[in-house]
Amino acid sequence: MPIKLIRIASIQLTIGISVISIFKAPQLYAQNTEVESYLDAGCEAVEQADIMKAVRLFQSAVDACNSEADGGLLHAQSLSFLAIILNEQGNFGQAEVVIRRALAIVEGHAELEAASFVYVDVLARIKRRAGKPDEAEALENKSKELQQAFSKKPSGVIVAVLTLVQFAKLYGALGHHSDAEPLLRLGLVVSKVQLGDDHIYTGVCNLLIAQSLSAQSRHEIAVPFYLAAQAIFQKTKGEGELQSITATEGLAVSLNSLGRVQQAEALLRKTIARRKELQGKESPEVAKGLFLLSATLIAQNKFEDAMDHARQAMEIVLKTYGPKHLIAAIYMKHYGVLCHSAGKLDVAQDYLERSLAIHEQQLGADAPAVADILSSLALVSEFNDNGSVKDFLHGSERTRMLWERVVAIQEKALGQDHPDTRQALEFLAHCYSFGFKPDVQVKVRKRLVESDERISNVSADVRCKHLSSLVSALGQQKKYSEAEPYAELAIRIQEAAFGRDYQKLPTSLSQLAWIYCEQGKYTLAEPLYKRSLQLFEKLTSADVMETIEQTQIMTTYATLLRKLKRVEEANKLELQIESIRKRVRDQ
């Protein structure tokens, strides 16, 4: 994956999103601004990966509700947010007690009961993580039944939409965007039907859905939701204008990711100018816009302009928060990423290490946010001052140790099958492939293959890539008999998914043929070489790389023919190889 793309995606998706705070239901809130402030601050702490702080703030919200005997929406929400975070920490027993208190409030309140399926779903999640699948399944079915009943005849519309949005916002802050999205989509349907297409709640649902899709890199789908939100907010004044700006920023992020960088740049310049007018030139929101603009400029190779805007953003952030604040550390990480993209590797490493020190001090050495910074540092360490690959080729001990630490943190925090963990494992395996402990490389690649088997939605291409890498690693150690079943499995997967004429099959066929040859199974290898070359002949639009691969397979086949004492056939094949190479040179 190109480093620049990794960097820009990281900048776009991790800079904080403005909190939507226009939802109010005074009759159920008991006008408790203290509780609201605790909840908002708790969600911000989650976005900053400060889970311990979030627990304290959500507990403070619960205590404030208890002291005022508040039995309404805020009380239920405070309890449920605390339960969700406790569940994330693995405190399943305490989480269950807390969410059952929330359910008791909801089920005893006519207005709140409409959205009770969300609270039941939280309890189901707790049961599943606690290792009680039967109880979890029963609760999941109950939640679905309640949701279906609500969808057919919604009641308490504003409260229901508010509940869906607030839960989705917390799931999004935790990075569980696939859990947030369906809640937001249901909220959008209910809001449109009951409140109207142009209602501001409908606009907020559109915006949050778009942000959730962007966080999942589904930018093409996100664009129409951003546009719908933008259109609704533009009809309102006051806070609606700020939400319109937020929607425009999100739209620019998605357009940039889709390659429409000039359009994204124009939108961001407009939003920055408007935020300066509305919120002041040194507003943190202006700093966020400047960072996003820097990312679009780097995508256009406008490095000096990009770094100028990024420096302005850092000045605002450091002046607002101070050099040791966690939010400042988050922006230091983004600045380091931008410097890496611009080729300023020493500056990138300096800012990333400063960010790492603050994160480790405030969140702990095993926080997921720490793993994110470590992965950025590992990628910086791959390159020397001239931007040429250095450390991977020479087996950098530092790079390897960084990736090992990233994997350890992510496995503990996210699980061994999480996409981030799997990506870190791939980088680690790549490190090992350049001279570090080949037996460990095999173990890492086996972990990826085993993870593929556990995950139901892994594509056939990804599975075969991991299998092929494992076969190569085993082959390098001359463990051919162990590699053989993996090579055979890759072919079966490709044929089942894409058919017997799939354009990538020649690679898998020739790899298995090589494994057979190394074991002296020449009669099994030859048909595979022949079939591989026949498939190449069907590729009428083969590119240069495919042609190079074709000649490599032909060369290996010619070697086999010589081992079988079929010299004339080998000579003929080698003449064909030279003819193909000459044609490529002439082109």
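Refer to the preceding data block for the structure.
Residues numbered from 1 in each chain as written. Predicted model: local features only at pLDDT ≥ 70, side-chain atom pairs only at ≥ 80, totals over all residues. Heavy atoms only, no water.

(A) Seen up close, the overall build of the protein. Tallying secondary structure elements over the protein gives 29 helices and 0 strands in all. Burial analysis of the protein (587 residues in total) assigns 51% to the buried set. Restricting to contacts in the protein with at least 6 residues of sequence separation, those with at least 24 account for 63%. Counting every atom, the protein has about 26,700 Å² of accessible surface; 51% of that belongs to carbon and sulfur. (Helix = DSSP H or I, 4+ residues; strand = E, 2+ residues; numbered from the N terminus. Buried < 20%, exposed > 50% of the residue type's maximum accessible area, 1.4 Å probe, protein only. Contact = heavy atoms within 4.5 Å. Areas by Shrake-Rupley, 256 points an atom, 1.4 Å probe, with all protein chains shown as cover.)

(B) Region of the structure containing the packing of aromatic side chains. Going through the model one piece at a time under the given rule, you end up with 9 aromatic pairs. Ring centres 5.2 Å apart and planes at 40° place the aromatic pair Phe291 and Tyr331 in the tilted group. One end of the pair, Phe291, is in helix H15 (residues 284-299); the other, Tyr331, is in helix H17 (residues 326-341), with 40 residues separating them in the sequence. For the pair shown, Phe291 and Tyr331 are each scored as buried. (Phe/Tyr/Trp six-rings, centres within 6.5 Å; stacked < 30°, edge-to-face > 60°.)

(C) Just the nonpolar core, in detail. Grouped together as the largest cluster of nonpolar side chains are 138 residues, with contacts concentrated most on Phe58, Tyr119, Phe167, Leu170 and Trp403. A per-element tally of this core places helix H9 (residues 157-173) first, with 11 residues. Not counting residues up to four positions away in its chain, the partners in contact with Leu170 are Cys43, Val46, Phe58, Phe81, Ile84 and Ile85. Grouped together as the second largest cluster of nonpolar side chains are 40 residues, Val449, Leu470, Ala487 and Leu489 included. (Core = buried A, V, L, I, M, F, W, Y, C linked by side-chain atoms within 4.5 Å.)

(D) Quick peek at unusual backbone geometry. Positive phi is not limited to glycine here, since Ser217 has a value of about 60°. On the secondary structure map, Ser217 appears in the loop between helix H11 (200-215) and helix H12 (219-233). The phi torsion at Asn301 lies on the positive side, around 65°, for a residue other than glycine. Relative to the assigned elements, Asn301 resides in the loop between H15 and helix H16 (303-321).

(E) Broad picture of the pattern of salt bridges. Here the structure, examined in full by the defined rule, presents 40 salt bridges. Between Glu482 and Lys446 there is a salt bridge, with its nearest N and O atoms 2.5 Å apart. Of this pair, Glu482 sits in helix H25 (residues 480-498) while Lys446 sits in helix H23 (residues 438-454), and the two are 36 residues apart along the sequence. By relative accessible area, which is 28% here, Glu482 ends up partly exposed. A residue is classified by how much of its surface remains accessible, and Lys446, at 23% relative accessible area, is partly exposed. Residues participating in the shared-partner salt-bridge network are Glu96, Arg100, Lys127 and Glu135. (Salt bridge = Lys/Arg side-chain N within 4 Å of Asp/Glu carboxyl O.)

(F) Local environment of the packing of helix H26 (residues 505-518) against helix H27 (residues 522-538). Running from N to C, H26 and H27 point in directions that differ by 160°, and their axes come no closer than 8 Å. Judged on the interaxial angle alone, H27 and H26 are roughly antiparallel. Crossing of H26 against H27: the hand is left-handed. Between H26 and H27, the contacting residues are Leu505, Pro506, Leu509, Ser510, Leu512, Ala513, Trp514, Tyr516 and Cys517 on the first element and Tyr522, Leu524, Ala525, Leu528, Tyr529, Arg531, Ser532, Leu535 and Phe536 on the second. (Axes fitted to C-alpha atoms, helices over the stretch in contact; angles between N-to-C directions. Parallel < 35°, antiparallel > 145°, perpendicular 65-115°, else oblique. Left-handed = near helix turned anticlockwise from the far one by under 90°.)

(G) Here's a closer look at the environment of His176. Within the fold, His176 resides in the loop between H9 and helix H10 (177-195). Sequence separation between His176 and Gln216 is 40 residues, and the spatial gap between their C-alpha atoms is 9.6 Å. Excluding residues that lie within four positions of it along the chain, His176 makes contacts with Glu88 and Tyr171. Reaching out from His176, the side chain makes a polar contact with the side chain of Glu88 at a distance of 2.8 Å. (Polar contact = N/O pair within 3.5 Å; in protein donor to acceptor, adjacent residues only side chain to side chain.)

(H) Up close: helix H6 (residues 92-107). Between its first and last C-alpha atoms H6 spans 22 Å; for 16 residues at 1.5 Å apiece the expected length is 22 Å, and the two agree. Among the residues of H6, Ala95, Glu96, Val98, Ile99, Ala102, Leu103, Ile105 and Val106 are the ones counted as buried. Elements that come into contact with the buried residues of H6 comprise helix H5 (73-89) and helix H7 (116-129). (Expected span 1.5 Å × (residues − 1).)

(I) Examining H27 more closely. Under the 1.5 Å per step criterion, the end-to-end length of H27 is 25 Å for 17 residues, consistent within 8% with the ideal 24 Å. The complete set of buried residues in H27 reads Ala525, Glu526, Leu528, Tyr529, Arg531, Ser532, Leu533, Leu535 and Phe536.

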